[in-house]
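Listed below, chain by chain, are the residues.
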Amino acid sequence: MSFTLKGMGSYLPSATFTNDDMAKIVDTNHEWIHSRSGISSRHFATEENTHDLAIQAAKIALTDANLNAVDLDAILVATFTPSEITPSVACRVADALEARDDILAYDLNGACSGFVYGLETANALLSTGKYKHILLIGAEVISKVLDFSDRRTCILFGDGAGAVVLSNTGEGRSLWSKTYRKFDAKCSLFAPGVPVNNPLVSHEAQPQKVQMDGTAIFQFAIEAIQRAIKEFTQETGMTLDDLDHVVLHQANQRITSYIAKTFKQTDEKFVSVIEDIGNTSAASIPIALTALKRDNRLHPGQKIMMIGFGAGLTYGAFVLSV
Ligand code: COA
């Protein structure tokens with residue numbers, strides 16, 4: 001089944017915060033952050049919300065795809081930090097782009113696996129033949145829910161959006177994909193939802209900021225990525241040697257480098273944009289894809305593996321030829 005990456009684009013809010021800037025907010029320093037994560041700076045949205053970033057990335061992706069918004073049959077937005085619960089970011093994007101009114105538009109929350117979960121969804125929709133062109137966006141304003149008094153988390157994340165236009169015409173093919181979830185009784189990566197506003201309900205008060213057990217998440221990420229790559233090899237007979245690029249969710253350069261080393265691959269095969277953007281959750285993979293194209297490293301016929309992993313716990317992998 002055709003699965004063509006017709007166009008892509010990314011957008012970052014203009015305010016940049018270096019590690020030195022973060023050291024003015026919490027007790028930290030550039031050396032600690034960079035050596036533990038590979039991050040030097042990140043962007044925070046000081047004036048825009050999630051849908052604003054999504055709209056900008058979508059416009060660039062549509063231009064790159066040489067399509068108009070009216071050509072779209074679905075708009076999917078992967079995010080765990082929507083501008084509001086409803087209207088969805090997808091509906092706001094559809095309005096802003098003046099998309100048709102007979103399309104599918106909704107948000108999906110797979111946390112940092114959201115873009116890969118979205119690819120799986122888009123692939124299923126495209127394979128029905130009913131949908132021809134789908135806009136899939138990963139967009140986050142994580143700074144809204146970050147705890148800027150917790151140096152263990154606030155230094156890791158950033159805001160941004162990436163978008164791709166996927167079509168069931170063209171030379172591209174989906175080659176293999178698999179999505180997973182893992183039981184997480186301790187909720188080792190947590191972000192708040194809507195505060196309870198009903199005096200009749202006596203829910204236990206939830207923390208209103210992101211909380212993370214960094215060591216547990218690091219271990220989970222390594223195991224998740226290894227499992228996905230091993231099952232890819234078992235089920236397709238291909239190995240990472242057969243692929244041109246591997247785009248891991250940009251959570252931590254140490255995770256990426258560890259996986260490259262474990263599977264005896266060059267660092268170059270593992271796309272890395274984390275240094276300047278931090279962890280942008282569902283946006284990180286499409287931002288990395290766009291960087292690959294911008295750097296003229298993405299060519300027809302190449303094979304790419306994308307792996308997302310994150311809160312839920314969720315993880316998943318998607319392999320395609322472009
Ligand atoms: N600056 C300076 N020191 C810091 C710090 C910061 N920003 N954050 C924590 N520290 C301190 C800790 O307080 C601790 O000090 P202590 O030993 O005196 O208590 C010390 O540094 C080591 O902390 P630790 O948490 O053990 O560091 P680490 O080497 O495990 O690295 C992470 C922490 C968060 C970078 C690492 O666990 C990680 O990357 N986890 C995965 C996170 C992730 O990818 N999440 C998203 C998944 S989608």
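Details of the structure are given in the entry above.
Conventions used here
Residues numbered from 1 in each chain as written. Predicted model: local features only at pLDDT ≥ 70, side-chain atom pairs only at ≥ 80, totals over all residues. Heavy atoms only, no water. Near = heavy atom within 4 Å. Polar contact = N/O pair within 3.5 Å; in protein donor to acceptor, adjacent residues only side chain to side chain. Areas by Shrake-Rupley, 256 points an atom, 1.4 Å probe, with all protein chains shown as cover. Core = buried A, V, L, I, M, F, W, Y, C linked by side-chain atoms within 4.5 Å. Buried < 20%, exposed > 50% of the residue type's maximum accessible area, 1.4 Å probe, protein only. Helix = DSSP H or I, 4+ residues; strand = E, 2+ residues; numbered from the N terminus. Domains from an automatic or database assignment. Contact = heavy atoms within 4.5 Å. Pairing = 2+ DSSP bridges. Axes fitted to C-alpha atoms, helices over the stretch in contact; angles between N-to-C directions. Phe/Tyr/Trp six-rings, centres within 6.5 Å; stacked < 30°, edge-to-face > 60°.

As for the site of the ligand
- Inspection of the region around the ligand gives 22 residues, with Thr 28, Arg 36, Arg 151, Gly 214 and Asn 252 positioned closest.
- The backbone of Arg 151 places a nitrogen or oxygen atom 2.9 Å from a nitrogen atom of the ligand.
- A distance of 2.5 Å separates an oxygen atom of the ligand from a polar side-chain atom of Asn 252.
- Relative to its unbound accessible area of 980 Å², the ligand is 72% covered by the protein chains.

Some words on the nonpolar core
- Membership of the largest hydrophobic core comes to 47 residues, with the highest contact counts inside it found for Ile 225, Met 305, Ile 307 and Phe 309.
- Secondary structure elements with two or more residues in this core: β8 (173-181), α6 (214-236), β11 (245-248), α7 (253-262), β12 (303-310) and β13 (314-321).
- The element best represented in this core is α6, accounting for 9 residues.
- Two domains share this core, each providing at least three of its residues, namely domain 1 (4-171) and domain 2 (175-321).
- In contact with Met 305, not counting residues within four places along its chain, are Ile 229, Phe 232, Leu 240, Leu 243, His 245, Val 246, Val 247, Phe 318 and Val 319.

Brief notes about the sheet that holds β12
- Within the open sheet, the 4 strands sit side by side as β8-β13-β12-β11. Their pairing is mixed. In this open sheet, the two edge strands, each paired with only one partner strand, are β8 and β11. This sheet shows a mean twist of 10° between the axes of neighbouring strands, independent of strand direction.
- Where β12 and β13 come together, 8 bridges link them in antiparallel fashion.

Looking at the side chain of Ser 167
- With respect to the helices and strands, the residue Ser 167 is situated in strand β7 (residues 160-167).
- Under the relative-accessibility criterion, Ser 167 is labelled buried at 0%.
- Filtering out sequence-adjacent residues up to four positions away, Ser 167 remains in contact with Ser 2, Phe 3, Thr 4, Lys 6, Leu 126, Lys 132 and His 133.

Here we look at the environment of His 299
- With respect to the helices, strands and loops of the structure, His 299 is situated in the loop between α9 (284-294) and β12.
- You can call His 299 partly exposed: its relative accessible area is 36%.
- Along the primary structure His 299 and Leu 240 are separated by 59 residues, whereas in three dimensions their C-alpha atoms are 17 Å apart.

Overview of the packing of aromatic side chains
- Enumeration according to the criterion identifies 6 aromatic pairs in this entry.
- Ring centres of Phe 3 and Phe 318 lie 5.0 Å apart, and the angle between their planes is 35°; on these two criteria the pair is classed as tilted. Taken together, the positions of Phe 3 in the segment before β1 (4-11) and Phe 318 in strand β13 put the pair 315 residues apart, joining distant regions of the chain.
- For Phe 3, a relative accessible area of 1% gives the class buried.
- Residues Tyr 180 and Tyr 315 carry aromatic rings whose centres are separated by 4.4 Å and whose planes lie at 10° to one another, so their mutual orientation is stacked. Placement of the pair is Tyr 180 in strand β8 and Tyr 315 in strand β13, with a sequence separation of 135 residues. Across this residue pair, the class does not change: Tyr 180 and Tyr 315 are buried.
- Aromatic rings pair up to connect Phe 17, Phe 44 and Phe 148 into one cluster.

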